[in-house]
Amino acid sequence: MATKIIVRIIVAILPIISVLCEEVCYDDLGCFSNDPPYDLLPGFPPESPDVVNVRFFLYTRLNRDLWMEVDRKEPESLATSLFNPARKTLIYIHGWNNVGYKSSFAVDLTNALLDAENANVFIIDWTGGSDAPYNQAIQNARITGREVAYFIQFLHNETDIPYSRFHLMGSSLGAHASGFVGENQPGIGRISAFDPAGPFFRGQDPALRLDQTDAEFVDVIHTDAESALRLGLGMLQPMGHADFYPNGGKEQAGCPKNITDHIDDFFRTSGCSHSRAPLLFLDSLDPTTGCELTSYPCSSWENFQAGLCSDCGRRGVCPVMGYYAERSRANGLLYLDTGSVSPYCVLDEA
Ligand SMILES: *[C@@H]1O[C@H](CO)[C@@H](O)[C@H](O)[C@H]1NC(C)=O
(Lines give C-alpha, C1' and ligand atoms only; values in the text may rest on other atoms or scores of the structure.)
Protein backbone atom coordinates (compact mmCIF):
# COMPACT_ATOMS: atom_id res chain seq x y z
CA MET A 1 0.00 0.00 0.00
CA ALA A 2 2.77 2.43 1.02
CA THR A 3 4.79 1.53 -2.08
CA LYS A 4 1.76 2.10 -4.23
CA ILE A 5 1.32 5.56 -2.76
CA ILE A 6 5.00 6.40 -3.21
CA VAL A 7 4.88 5.23 -6.82
CA ARG A 8 1.79 7.34 -7.36
CA ILE A 9 3.51 10.37 -5.88
CA ILE A 10 6.58 9.85 -8.06
CA VAL A 11 4.44 9.39 -11.14
CA ALA A 12 2.59 12.56 -10.27
CA ILE A 13 5.75 14.53 -9.57
CA LEU A 14 7.84 13.43 -12.57
CA PRO A 15 5.97 15.38 -15.23
CA ILE A 16 5.91 18.40 -12.91
CA ILE A 17 9.70 18.24 -12.59
CA SER A 18 10.19 17.89 -16.33
CA VAL A 19 7.83 20.80 -16.96
CA LEU A 20 9.67 22.88 -14.38
CA CYS A 21 12.95 22.30 -16.18
CA GLU A 22 11.84 23.03 -19.69
CA GLU A 23 13.96 25.47 -21.60
CA VAL A 24 15.15 26.06 -25.12
CA CYS A 25 18.41 27.76 -26.12
CA TYR A 26 19.28 29.53 -29.35
CA ASP A 27 22.91 30.48 -30.11
CA ASP A 28 23.66 34.08 -29.28
CA LEU A 29 20.14 34.85 -28.02
CA GLY A 30 20.52 32.50 -25.09
CA CYS A 31 17.85 30.43 -23.36
CA PHE A 32 14.11 30.83 -22.92
CA SER A 33 12.58 28.92 -20.08
CA ASN A 34 9.14 27.61 -19.37
CA ASP A 35 9.69 27.81 -15.61
CA PRO A 36 7.16 29.72 -13.56
CA PRO A 37 5.91 32.31 -14.20
CA TYR A 38 6.57 31.72 -17.93
CA ASP A 39 4.59 28.46 -17.84
CA LEU A 40 1.49 30.64 -17.58
CA LEU A 41 1.94 31.68 -21.21
CA PRO A 42 0.76 29.20 -23.87
CA GLY A 43 2.66 27.97 -26.90
CA PHE A 44 6.07 27.07 -25.47
CA PRO A 45 8.70 26.85 -26.93
CA PRO A 46 9.33 29.97 -29.01
CA GLU A 47 10.37 29.28 -32.58
CA SER A 48 13.99 29.81 -33.56
CA PRO A 49 15.39 33.29 -34.26
CA ASP A 50 15.84 32.22 -37.89
CA VAL A 51 12.13 31.60 -38.18
CA VAL A 52 11.05 34.73 -36.28
CA ASN A 53 13.55 36.63 -38.43
CA VAL A 54 13.44 40.02 -36.72
CA ARG A 55 14.53 42.76 -39.13
CA PHE A 56 15.26 46.44 -38.53
CA PHE A 57 14.42 49.01 -41.18
CA LEU A 58 15.82 52.49 -40.65
CA TYR A 59 14.09 55.61 -41.93
CA THR A 60 15.31 59.19 -41.39
CA ARG A 61 14.35 62.56 -42.87
CA LEU A 62 16.92 61.87 -45.58
CA ASN A 63 15.46 58.50 -46.50
CA ARG A 64 11.74 58.51 -45.85
CA ASP A 65 10.83 56.33 -48.77
CA LEU A 66 13.75 53.97 -48.99
CA TRP A 67 14.58 52.05 -45.83
CA MET A 68 18.07 50.94 -44.93
CA GLU A 69 18.29 47.61 -43.15
CA VAL A 70 20.58 47.50 -40.13
CA ASP A 71 21.77 44.14 -38.81
CA ARG A 72 23.70 43.86 -35.56
CA LYS A 73 25.59 40.88 -36.97
CA GLU A 74 26.90 43.10 -39.75
CA PRO A 75 28.21 46.25 -38.05
CA GLU A 76 29.05 47.81 -41.46
CA SER A 77 25.31 48.01 -42.09
CA LEU A 78 25.16 50.56 -39.25
CA ALA A 79 28.33 52.40 -40.24
CA THR A 80 27.08 52.91 -43.78
CA SER A 81 23.54 53.87 -42.74
CA LEU A 82 22.14 57.31 -41.97
CA PHE A 83 21.75 56.46 -38.27
CA ASN A 84 22.63 59.50 -36.16
CA PRO A 85 23.38 58.79 -32.48
CA ALA A 86 22.85 62.44 -31.56
CA ARG A 87 19.14 62.00 -32.28
CA LYS A 88 16.35 60.17 -30.59
CA THR A 89 15.73 56.64 -31.77
CA LEU A 90 12.10 55.62 -32.23
CA ILE A 91 11.27 51.96 -32.73
CA TYR A 92 7.89 50.53 -33.74
CA ILE A 93 6.97 46.87 -33.11
CA HIS A 94 3.87 45.50 -34.85
CA GLY A 95 1.46 42.97 -33.38
CA TRP A 96 -0.06 39.61 -34.31
CA ASN A 97 -0.34 39.87 -38.07
CA ASN A 98 1.24 39.01 -41.39
CA VAL A 99 1.71 42.52 -42.74
CA GLY A 100 4.54 43.77 -40.55
CA TYR A 101 6.59 46.72 -41.72
CA LYS A 102 4.52 46.97 -44.91
CA SER A 103 1.33 47.99 -43.11
CA SER A 104 -0.11 51.33 -44.10
CA PHE A 105 -0.06 52.21 -40.40
CA ALA A 106 3.73 51.67 -40.20
CA VAL A 107 4.18 53.92 -43.23
CA ASP A 108 1.90 56.63 -41.81
CA LEU A 109 3.55 56.41 -38.40
CA THR A 110 7.05 56.71 -39.91
CA ASN A 111 6.10 59.86 -41.79
CA ALA A 112 4.27 61.41 -38.86
CA LEU A 113 7.18 60.71 -36.50
CA LEU A 114 9.70 62.17 -38.95
CA ASP A 115 7.52 65.25 -39.46
CA ALA A 116 7.45 65.78 -35.71
CA GLU A 117 11.02 64.83 -34.86
CA ASN A 118 14.35 64.68 -36.65
CA ALA A 119 14.93 61.17 -35.38
CA ASN A 120 16.10 57.71 -36.32
CA VAL A 121 12.97 55.65 -36.90
CA PHE A 122 13.24 51.87 -36.97
CA ILE A 123 10.28 49.86 -38.15
CA ILE A 124 10.66 46.30 -36.94
CA ASP A 125 9.48 43.33 -38.90
CA TRP A 126 8.89 40.03 -37.09
CA THR A 127 6.26 38.56 -39.38
CA GLY A 128 8.25 35.30 -39.37
CA GLY A 129 7.05 34.96 -35.77
CA SER A 130 3.82 36.96 -35.73
CA ASP A 131 2.24 35.22 -38.71
CA ALA A 132 1.53 32.13 -36.60
CA PRO A 133 -1.26 30.79 -34.37
CA TYR A 134 -1.75 33.26 -31.50
CA ASN A 135 -0.26 30.88 -28.88
CA GLN A 136 2.90 30.53 -30.90
CA ALA A 137 3.07 34.24 -31.70
CA ILE A 138 3.02 34.99 -27.96
CA GLN A 139 6.16 32.89 -27.45
CA ASN A 140 7.76 34.31 -30.57
CA ALA A 141 7.24 37.79 -29.11
CA ARG A 142 9.79 36.76 -26.45
CA ILE A 143 12.36 36.18 -29.21
CA THR A 144 11.45 39.55 -30.71
CA GLY A 145 11.83 41.21 -27.31
CA ARG A 146 15.31 39.84 -26.85
CA GLU A 147 16.36 40.56 -30.44
CA VAL A 148 15.28 44.18 -30.10
CA ALA A 149 17.00 44.46 -26.71
CA TYR A 150 20.25 43.15 -28.23
CA PHE A 151 19.85 45.47 -31.18
CA ILE A 152 19.51 48.45 -28.83
CA GLN A 153 22.57 47.21 -26.93
CA PHE A 154 24.43 46.97 -30.21
CA LEU A 155 23.54 50.58 -31.12
CA HIS A 156 24.59 51.68 -27.62
CA ASN A 157 27.88 49.73 -27.80
CA GLU A 158 28.73 51.05 -31.25
CA THR A 159 27.74 54.69 -30.87
CA ASP A 160 27.41 55.44 -27.12
CA ILE A 161 23.79 56.52 -27.61
CA PRO A 162 22.25 56.35 -24.10
CA TYR A 163 19.46 53.85 -23.47
CA SER A 164 17.26 56.71 -22.30
CA ARG A 165 17.19 58.08 -25.88
CA PHE A 166 15.19 55.09 -27.11
CA HIS A 167 11.42 55.27 -27.45
CA LEU A 168 9.62 52.04 -28.31
CA MET A 169 6.10 51.87 -29.63
CA GLY A 170 4.13 48.64 -29.87
CA SER A 171 0.66 47.64 -31.00
CA SER A 172 -1.27 44.87 -29.27
CA LEU A 173 1.07 41.87 -28.95
CA GLY A 174 3.87 44.23 -30.02
CA ALA A 175 3.21 46.18 -26.81
CA HIS A 176 4.05 43.10 -24.75
CA ALA A 177 7.06 42.43 -27.01
CA SER A 178 8.20 45.96 -26.02
CA GLY A 179 7.76 44.85 -22.41
CA PHE A 180 10.08 41.90 -23.10
CA VAL A 181 12.60 44.38 -24.55
CA GLY A 182 12.52 46.36 -21.30
CA GLU A 183 12.82 43.12 -19.32
CA ASN A 184 16.04 42.32 -21.21
CA GLN A 185 17.48 45.83 -21.36
CA PRO A 186 16.93 48.14 -18.38
CA GLY A 187 16.98 51.92 -18.71
CA ILE A 188 15.03 52.38 -21.94
CA GLY A 189 13.55 55.88 -22.10
CA ARG A 190 9.98 55.23 -23.06
CA ILE A 191 7.47 52.64 -24.22
CA SER A 192 4.18 53.75 -25.77
CA ALA A 193 1.70 50.90 -25.94
CA PHE A 194 -1.28 50.83 -28.29
CA ASP A 195 -4.01 48.66 -26.77
CA PRO A 196 -1.80 45.88 -25.35
CA ALA A 197 -3.22 42.45 -26.20
CA GLY A 198 -5.58 41.05 -23.57
CA PRO A 199 -5.93 37.32 -24.30
CA PHE A 200 -3.54 35.38 -21.98
CA PHE A 201 -2.11 38.66 -20.62
CA ARG A 202 -4.99 39.89 -18.45
CA GLY A 203 -3.99 39.77 -14.80
CA GLN A 204 -0.66 38.11 -15.60
CA ASP A 205 2.57 38.39 -13.68
CA PRO A 206 4.29 41.66 -14.72
CA ALA A 207 7.28 39.68 -16.04
CA LEU A 208 4.99 38.23 -18.71
CA ARG A 209 3.42 41.45 -19.92
CA LEU A 210 4.10 45.12 -20.34
CA ASP A 211 4.42 46.92 -17.00
CA GLN A 212 5.82 50.16 -15.71
CA THR A 213 9.22 48.70 -14.82
CA ASP A 214 9.93 48.12 -18.53
CA ALA A 215 10.98 51.73 -19.28
CA GLU A 216 11.51 55.06 -17.53
CA PHE A 217 8.15 56.23 -18.87
CA VAL A 218 5.42 53.83 -20.01
CA ASP A 219 2.25 55.27 -21.54
CA VAL A 220 -0.64 53.05 -22.53
CA ILE A 221 -3.69 53.74 -24.68
CA HIS A 222 -6.55 51.34 -23.85
CA THR A 223 -9.27 51.09 -26.48
CA ASP A 224 -10.77 47.58 -26.52
CA ALA A 225 -10.78 46.40 -22.94
CA GLU A 226 -14.19 44.74 -23.11
CA SER A 227 -14.42 41.37 -21.36
CA ALA A 228 -13.19 38.30 -23.23
CA LEU A 229 -16.84 37.21 -23.51
CA ARG A 230 -17.56 40.33 -25.50
CA LEU A 231 -14.48 39.63 -27.61
CA GLY A 232 -12.42 42.46 -26.19
CA LEU A 233 -8.85 42.23 -27.45
CA GLY A 234 -7.28 44.68 -25.04
CA MET A 235 -6.99 44.91 -21.27
CA LEU A 236 -8.35 47.34 -18.70
CA GLN A 237 -5.73 47.02 -15.99
CA PRO A 238 -3.31 49.94 -15.69
CA MET A 239 0.16 48.95 -16.88
CA GLY A 240 2.13 52.15 -17.20
CA HIS A 241 3.01 55.42 -15.54
CA ALA A 242 0.18 56.96 -17.55
CA ASP A 243 -2.84 54.91 -18.65
CA PHE A 244 -5.24 56.60 -21.07
CA TYR A 245 -8.84 55.43 -21.42
CA PRO A 246 -10.43 57.15 -24.42
CA ASN A 247 -14.21 56.74 -24.20
CA GLY A 248 -13.68 54.59 -21.12
CA GLY A 249 -11.20 52.29 -22.85
CA LYS A 250 -13.65 49.49 -23.64
CA GLU A 251 -15.37 50.41 -26.85
CA GLN A 252 -14.66 53.24 -29.28
CA ALA A 253 -16.91 55.84 -30.84
CA GLY A 254 -18.29 54.70 -34.19
CA CYS A 255 -17.44 51.01 -33.63
CA PRO A 256 -20.11 48.29 -33.87
CA LYS A 257 -22.06 48.02 -30.64
CA ASN A 258 -24.31 44.99 -30.90
CA ILE A 259 -22.64 41.63 -30.50
CA THR A 260 -23.42 40.30 -34.01
CA ASP A 261 -21.88 43.32 -35.73
CA HIS A 262 -19.06 43.14 -33.23
CA ILE A 263 -18.33 39.49 -34.12
CA ASP A 264 -18.53 40.27 -37.81
CA ASP A 265 -16.10 43.17 -37.40
CA PHE A 266 -13.84 41.00 -35.22
CA PHE A 267 -13.36 38.44 -37.98
CA ARG A 268 -13.12 40.91 -40.86
CA THR A 269 -10.70 43.35 -39.29
CA SER A 270 -8.47 43.14 -36.25
CA GLY A 271 -11.31 44.83 -34.41
CA CYS A 272 -12.52 48.39 -34.79
CA SER A 273 -11.92 49.39 -31.17
CA HIS A 274 -8.62 47.51 -30.91
CA SER A 275 -7.18 49.17 -33.99
CA ARG A 276 -8.29 52.61 -32.82
CA ALA A 277 -5.38 53.00 -30.34
CA PRO A 278 -2.64 53.27 -33.01
CA LEU A 279 -4.80 55.70 -34.99
CA LEU A 280 -5.25 57.91 -31.93
CA PHE A 281 -1.49 58.00 -31.42
CA LEU A 282 -1.05 58.92 -35.08
CA ASP A 283 -3.54 61.75 -34.68
CA SER A 284 -1.56 63.09 -31.72
CA LEU A 285 1.34 63.72 -34.13
CA ASP A 286 -0.77 65.67 -36.58
CA PRO A 287 -0.45 69.42 -36.01
CA THR A 288 -3.39 70.19 -38.33
CA THR A 289 -6.21 68.56 -36.35
CA GLY A 290 -7.15 71.84 -34.67
CA CYS A 291 -7.46 70.36 -31.17
CA GLU A 292 -5.57 68.18 -28.75
CA LEU A 293 -6.31 64.80 -27.22
CA THR A 294 -6.68 66.44 -23.81
CA SER A 295 -7.19 63.96 -20.98
CA TYR A 296 -8.43 64.25 -17.41
CA PRO A 297 -7.08 62.53 -14.30
CA CYS A 298 -9.97 60.65 -12.71
CA SER A 299 -10.50 57.62 -10.50
CA SER A 300 -12.99 56.03 -12.91
CA TRP A 301 -14.85 56.43 -16.19
CA GLU A 302 -18.11 56.66 -14.27
CA ASN A 303 -16.82 59.65 -12.31
CA PHE A 304 -15.50 61.21 -15.50
CA GLN A 305 -18.88 60.77 -17.18
CA ALA A 306 -20.59 62.24 -14.14
CA GLY A 307 -18.54 65.40 -14.69
CA LEU A 308 -16.50 64.99 -11.51
CA CYS A 309 -13.13 65.33 -13.26
CA SER A 310 -13.46 68.25 -15.62
CA ASP A 311 -10.40 70.17 -14.45
CA CYS A 312 -6.84 69.21 -13.82
CA GLY A 313 -6.52 70.33 -10.23
CA ARG A 314 -3.64 72.36 -8.98
CA ARG A 315 -1.59 72.05 -12.15
CA GLY A 316 -4.39 73.58 -14.20
CA VAL A 317 -3.04 72.12 -17.43
CA CYS A 318 -4.40 68.77 -18.50
CA PRO A 319 -2.05 66.19 -19.99
CA VAL A 320 -2.45 65.06 -23.58
CA MET A 321 -2.61 61.52 -24.91
CA GLY A 322 -0.16 60.29 -27.54
CA TYR A 323 3.30 61.32 -28.62
CA TYR A 324 3.45 64.40 -26.37
CA ALA A 325 2.15 62.61 -23.25
CA GLU A 326 5.56 62.58 -21.58
CA ARG A 327 6.22 66.25 -22.23
CA SER A 328 2.77 67.06 -20.79
CA ARG A 329 3.68 65.10 -17.66
CA ALA A 330 0.85 62.61 -17.96
CA ASN A 331 0.50 60.34 -14.97
CA GLY A 332 -2.00 57.89 -13.50
CA LEU A 333 -5.45 57.10 -14.87
CA LEU A 334 -6.57 59.52 -17.58
CA TYR A 335 -9.94 59.71 -19.33
CA LEU A 336 -11.19 61.52 -22.40
CA ASP A 337 -13.92 61.55 -25.03
CA THR A 338 -13.10 61.26 -28.70
CA GLY A 339 -15.01 61.53 -31.95
CA SER A 340 -15.64 58.56 -34.23
CA VAL A 341 -13.43 59.60 -37.16
CA SER A 342 -10.08 61.33 -37.55
CA PRO A 343 -9.41 63.94 -36.29
CA TYR A 344 -10.54 62.17 -33.13
CA CYS A 345 -9.92 65.02 -30.74
CA VAL A 346 -12.95 66.93 -29.51
CA LEU A 347 -12.91 70.59 -28.58
CA ASP A 348 -12.52 71.04 -24.86
CA GLU A 349 -15.99 70.99 -23.28
CA ALA A 350 -14.68 72.49 -20.07
C1 LIG B 1 27.56 45.31 -25.60
O2 LIG B 1 28.71 45.44 -24.78
C3 LIG B 1 28.62 44.69 -23.57
C4 LIG B 1 29.83 45.06 -22.71
O5 LIG B 1 31.01 44.92 -23.45
C6 LIG B 1 28.57 43.21 -23.91
O7 LIG B 1 28.47 42.44 -22.75
C8 LIG B 1 27.35 42.96 -24.78
O9 LIG B 1 27.32 41.61 -25.18
C10 LIG B 1 27.37 43.85 -26.00
N11 LIG B 1 26.11 43.66 -26.67
C12 LIG B 1 25.97 43.49 -27.97
C13 LIG B 1 24.62 43.19 -28.48
O14 LIG B 1 26.90 43.58 -28.75
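What comes next concerns the included structure. Numbering of residues begins from 1 in every chain and follows the order in which that chain's sequence is written. In keeping with the model being predicted, local features are shown solely for residues with a pLDDT of at least 70 and side-chain atom pairs are shown and tallied solely at 80 or more, while totals for entire chains, interfaces and linings include all residues. Side-chain calculation: all heavy atoms of the structure are included, whereas hydrogens and water are not.

**Examining the overall build of the chain**
In step 1: We count a stretch as a helix when DSSP gives it H or I for four or more residues in a row; a strand needs E for two or more, and each element gets its number in order from the N terminus. A count of helices and strands for the chain gives 10 helices and 12 strands.
In step 2: When each of the 350 residues of the chain is scored for burial, the buried share is 52%.
In step 3: At a minimum sequence separation of 6, the contacts of the chain that also span at least 24 residues come to 71%. Throughout, exposure labels follow a simple rule: accessible area from a 1.4 Å probe, protein chains only, divided by the maximum for the residue type, with under 20% read as buried, over 50% as exposed, and the rest as partly exposed. Throughout, a residue-residue contact means that at least one pair of heavy atoms, one from each residue, lies within 4.5 Å.

**So, the pattern of salt bridges**
Any two side chains of opposite charge can pair, so long as their charged atoms come close to each other.
In step 1: Every case where a carboxyl oxygen of Asp or Glu lies within 4 Å of a side-chain nitrogen of Lys or Arg is listed as a salt bridge. Per the counting criterion, the structure on display carries seven salt bridges.
In step 2: A salt bridge links K73 to D28, with the shortest nitrogen-to-oxygen separation between them at 3.8 Å. Taken together, the positions of K73 in the loop between β4 (63–70) and α3 (76–79) and D28 in the loop between β1 (23–26) and β2 (30–33) put the pair 45 residues apart, joining distant regions of the chain.
In step 3: On the basis of relative accessibility, which here comes to 39%, the residue D28 falls in the partly exposed class.
In step 4: Among the ionic pairs, K88 bridges to E117, the shortest N-O distance being 3.9 Å. Taken together, the residues K88 in the loop between α3 and β5 (89–93) and E117 in the loop between α4 (104–116) and β6 (120–125) connect sequence positions 29 residues apart.
In step 5: Overlapping salt bridges, with partners in common, bring together D28, R72, K73 and E147 in one network.

**Points about the sheet that holds β6**
In step 1: Here, a strand pair is defined by DSSP locating no fewer than two bridges between the strands. Across the sheet, 10 strands lie side by side as β4-β3-β6-β5-β7-β8-β9-β10-β12-β11; this open sheet has mixed pairing. Each edge of the sheet is formed by a strand with only one pairing partner; in this case those strands are β4 and β11 (296–297).
In step 2: Across four bridges, the pairing between strand β3 (residues 55–60) and β4 is antiparallel. Opposite F57, over in β4, you have E69 as the bridge partner.
In step 3: Convention adopted: a line fitted to C-alpha atoms gives each axis, helices being fitted over their contacting stretch, and angles between N-to-C directions are expressed from 0 to 180 degrees. Its contacts with the sheet put α4 on β3, β4, β5, β6, β7 (166–171) and β8 (190–194), and the angle it makes with β6 is roughly 165 degrees.
In step 4: Its contacts with the sheet place helix α7 (residues 173–184) against β5, β7 and β8, and it is angled at close to 145 degrees to β7.

**Structural notes on the state of the cysteines**
In step 1: Cysteine sulfur atoms are paired as a disulfide whenever they fall within 2.5 Å. Summed over all chains, the structure comprises five disulfides.
In step 2: C255 shares a disulfide with C272; S-S distance 2.0 Å. Taking the sign of the torsion about the S-S bond as the criterion, the disulfide between C255 and C272, at about -70 degrees, is left-handed. Of this pair, C255 sits in the loop between β10 (242–246) and α8 (259–268) while C272 sits in the loop between α8 and α9 (276–284); the two residues are 17 residues apart in sequence, bridging distant segments of the chain.
In step 3: On the basis of relative accessible area, C272 is assigned to the buried category, the value being 18%.
In step 4: Note on cysteine connectivity: C312 is disulfide-linked to C318, with sulfurs 1.8 Å apart. In this structure, the disulfide formed by C312 and C318 twists by about 105 degrees around the S-S bond and is classed as right-handed.
In step 5: With its disulfide-bonded cysteines labelled consecutively along the sequence, the chain is connected as 1-2, 3-4, 5-10, 6-7, 8-9.

**Side note on the environment of V52**
In step 1: Examined against the element boundaries, V52 turns out to sit in helix α2 (residues 49–52).
In step 2: In this structure the C-alpha to C-alpha distance between V52 and T127, which are 75 residues apart in sequence, comes to 6.9 Å.

**Some thoughts on the nonpolar core**
In step 1: F122, V148, I152 and L155 are the most contacted members of the largest nonpolar core, which totals 52 residues.
In step 2: Non-local contacts of V148, meaning those with residues more than four positions away in its chain, are made with V54, F56, I93, I124, L168 and V181.
In step 3: Only buried Ala, Val, Leu, Ile, Met, Phe, Trp, Tyr and Cys residues count toward a nonpolar core, and they belong to the same one when joined by side-chain atoms within 4.5 Å. Ranked by size, the runner-up nonpolar core spans 35 residues in total, among them Y101, V121, L285 and A325.

**Things to note about the packing of aromatic side chains**
For any pair of aromatic rings, the description consists of the separation of the ring centres together with the inter-plane angle of the planes.
In step 1: Note on aromatic contacts: the rings of Phe and Tyr and the six-membered ring of Trp form a pair at centre separations within 6.5 Å, being stacked when their planes are under 30 degrees apart, edge-to-face when over 60 apart, and tilted otherwise. Tallied over the full model, the rule gives 20 aromatic pairs.
In step 2: With a centroid separation of 5.1 Å and 85 degrees between ring planes, the pair formed by Y323 and Y324 is classed as edge-to-face.
In step 3: Overall, Y324 belongs to the partly exposed group, its relative accessible area being 25%.
In step 4: Taken together, Y92, F105, F194, F281, Y323 and Y324 form an aromatic cluster joined through their ring pairs.

**Focus: the site of the ligand**
In step 1: For this description, a residue counts as near a given molecule or strand if any of its non-hydrogen atoms is within 4 Å of it. Near the ligand, the surroundings consist of Y150, Q153, F154 and N157.
In step 2: Q153 is positioned such that a nitrogen or oxygen atom in its side chain is 2.9 Å from a nitrogen atom of the ligand.
In step 3: Pairing of N or O atoms within 3.5 Å defines a polar contact, subject to two protein rules: one partner must be a possible hydrogen donor and the other a possible acceptor, and residues neighboring in sequence count only if both atoms are side-chain atoms. Between the ligand and the protein, one listed contact pairs an oxygen atom with a side-chain N or O atom of N157 at 2.3 Å.
In step 4: Values of accessible area rely on a 1.4 Å probe in the Shrake-Rupley scheme; residue burial ignores everything except the protein chains shown. Protein chains shield 38% of the accessible area of the ligand, which is 360 Å² for the free molecule.
In step 5: In this count, Pro and Cys sit with the nonpolar residues alongside Ala, Val, Leu, Ile, Met, Phe, Trp and Tyr, while Asp, Glu, Lys and Arg are called charged and the others, Gly among them, polar. Split into classes, the residues belonging to the shell around the ligand amount to two nonpolar, two polar and no charged.

**Here's the deal with the pairing of strand β12 (residues 332–336)**
In step 1: Pairing between β10 and β12: five bridges, direction parallel. In the sheet register, Y245 faces β12, and the bridge partner there is Y335.
In step 2: Where β11 meets β12, two bridges bridge the pair, whose relative direction is antiparallel. Opposite Y296, over in β12, you have Y335 as the bridge partner.

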